[in-house]
Amino acid sequence: MDSQTNPDEAFVVSYHDQPTAFIQEDGFILYPADRPKELAFRVAPIVSQVWEMERAYQEAPPMNVHSVSEYRKLLEYNRHVLAARYDGEGEFRFVTWEINAERTGLALGHYFYQNEYGKAKEDFLSRSGLAEKTTFIGPHELSVIRAALLYRGAQDRDMGVEEREDIDRLLHQIDARLLPIDELLLEAEKEADRER
């Protein structure tokens, strides 16, 4: 997939020189009706992750450890930190570290390249003790399923009432499943704010 900025539409995502999605400045995504739905299903999770990564990075303070000052601290909990560094050309590098007791050094880094934000968050949740690694379907997979259900509900005009209710029920279940992870991350953010 290729992407380009278009003055009439905020951002155009194309595949083989054909528009696949139009991403507006507010993040709303429009899909051409004549394009394959499989391609459209891949756009929403990517857009969501990019916006989340960018927001987290922009709002994060720099690391307090001189040797890694080019990183920003996204989250900290239980002597573990999730940090990010922008490497240019749309690429973020993420890392989870353990912080020493004096808070002067870091050790045991797990590095995630090429925007592997989802993997870095899961690693942070596991290492910090915020969550155990027992999820059968991870947050990224649930986000993909959620985007596909939303797309189908918005695009399929022939869908019956019963099927729409089934989709709504599944969306609520997915939201409930994703919410605890978001709450755990929010708890880590609050603790980081208290320490500042």
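It should be emphasised that the depicted structure is a prediction, and the values quoted were computed from it without experimental measurement.

(A) Looking closely at the nonpolar core. Counting 17 residues, the largest nonpolar core has Leu74, Leu82, Phe94, Tyr117 and Phe124 as its most contacted members. By residue number, the principal contributor to this core is helix α2 (residues 117-128), which donates 4 residues. Not counting the four nearest positions on each side in its chain, Tyr117 is found in contact with Gln49, Glu52, Met53, Ala56, Leu74 and Phe94. Residues Val65, Ala83, Val95 and Ile99 belong to the second largest nonpolar core, which totals 9 residues.

(B) Spatial organisation of the side chain of Arg127. Relative to the helices and strands, Arg127 resides in helix α2. Asp123 is the oppositely charged side chain nearest to the buried, salt-bridge-free Arg127, at an N-O distance of 4.1 Å. Side chain to side chain, Arg127 and Thr96 meet in a polar contact 2.9 Å long. For Arg127, the contacting residues outside a window of four places in its chain are His80, Thr96, Trp97, Glu98, Ala107, Leu108, Gly109 and His110.

(C) Structural view of unusual backbone geometry. Although it is not a glycine, Leu108 adopts a positive phi angle of roughly 55°. With respect to the element layout, Leu108 can be found in strand β8 (residues 106-112). Looking at Leu108, the relative accessible area reads 57%, which means it is exposed. Phi at Gln114 is positive, roughly 50°, even though this residue is not glycine.

(D) Quick look at the sheet that holds strand β7 (residues 91-99). An order of β5-β6-β7-β8 is seen for the 4 strands of this open sheet, with the pairing classed as antiparallel. Of all the strands in the sheet, the pair left with one neighbour each is β5 (72-77) and β8. Shown here is a sheet whose adjacent strand axes are inclined to one another by a mean of 25°, direction ignored. Sheet topology places β5 next to strand β6 (residues 80-88); 5 bridges connect them, and they run antiparallel. Looking at β6, one finds that Arg72 is bridged to Ala84.

(E) Expanded view of the packing of aromatic side chains. The tally for this structure, following the rule as stated, stands at 7 aromatic pairs. Relative to Trp97, the ring of Tyr71 has its centre 5.1 Å away and its plane inclined at 80°; by these criteria the two rings are edge-to-face. Here the residue Tyr71 occupies a position in the loop between α1 (37-59) and β5, and Trp97 occupies one in strand β7, the gap between them amounting to 26 residues. Note on Trp97: relative accessible area 4%, which makes it buried. Aromatic pair Trp97 and Tyr111: ring centres 6.2 Å apart, planes at 85°, arrangement edge-to-face. Pair noted here: Trp97 is in strand β7 and Tyr111 is in strand β8, with a separation of 14 residues, a long-range link. An aromatic cluster of at least three residues, connected via ring pairs, comprises Tyr57, Tyr86, Phe92, Phe94 and Tyr117. The aromatic ring of Tyr57 is capped on one face by Arg72, whose charged end is 4.4 Å from the ring centroid.

(F) Spatial organisation of the pattern of salt bridges. For the structure on display, the rule yields 8 salt bridges. The partner of Arg85 in a salt bridge is Glu70, and the shortest N-O contact between them spans 3.5 Å. Of this pair, Arg85 sits in strand β6 while Glu70 is found in the loop between α1 and β5, placing the two residues 15 residues apart along the sequence. Here the residues in one salt-bridge network are Glu70, Arg85, Asp87 and Arg93, joined through shared partners.

(G) Geometry of helix α3 (residues 139-155). In a regular helix each residue adds 1.5 Å, so 17 residues correspond to 24 Å; α3 covers 24 Å between its end C-alpha atoms and thus fits that length. The complete set of buried residues in α3 reads Pro139, Leu142, Ala147, Leu149 and Tyr151.

(H) Fine view of the side chain of Lys121. Among the secondary structure elements, Lys121 is positioned in helix α2. Only 2.7 Å separates the side chain of Lys121 from the side chain of Glu52, close enough to count as a polar contact.

What counts and how
Residues numbered from 1 in each chain as written. Predicted model: local features only at pLDDT ≥ 70, side-chain atom pairs only at ≥ 80, totals over all residues. Heavy atoms only, no water. Core = buried A, V, L, I, M, F, W, Y, C linked by side-chain atoms within 4.5 Å. Buried < 20%, exposed > 50% of the residue type's maximum accessible area, 1.4 Å probe, protein only. Helix = DSSP H or I, 4+ residues; strand = E, 2+ residues; numbered from the N terminus. Contact = heavy atoms within 4.5 Å. Lys, Arg positive; Asp, Glu negative; His and termini not counted. Salt bridge = Lys/Arg side-chain N within 4 Å of Asp/Glu carboxyl O. Polar contact = N/O pair within 3.5 Å; in protein donor to acceptor, adjacent residues only side chain to side chain. Pairing = 2+ DSSP bridges. Axes fitted to C-alpha atoms, helices over the stretch in contact; angles between N-to-C directions. Phe/Tyr/Trp six-rings, centres within 6.5 Å; stacked < 30°, edge-to-face > 60°. Lys NZ or Arg CZ within 6 Å of the ring centre and 35° of its normal. Expected span 1.5 Å × (residues − 1).

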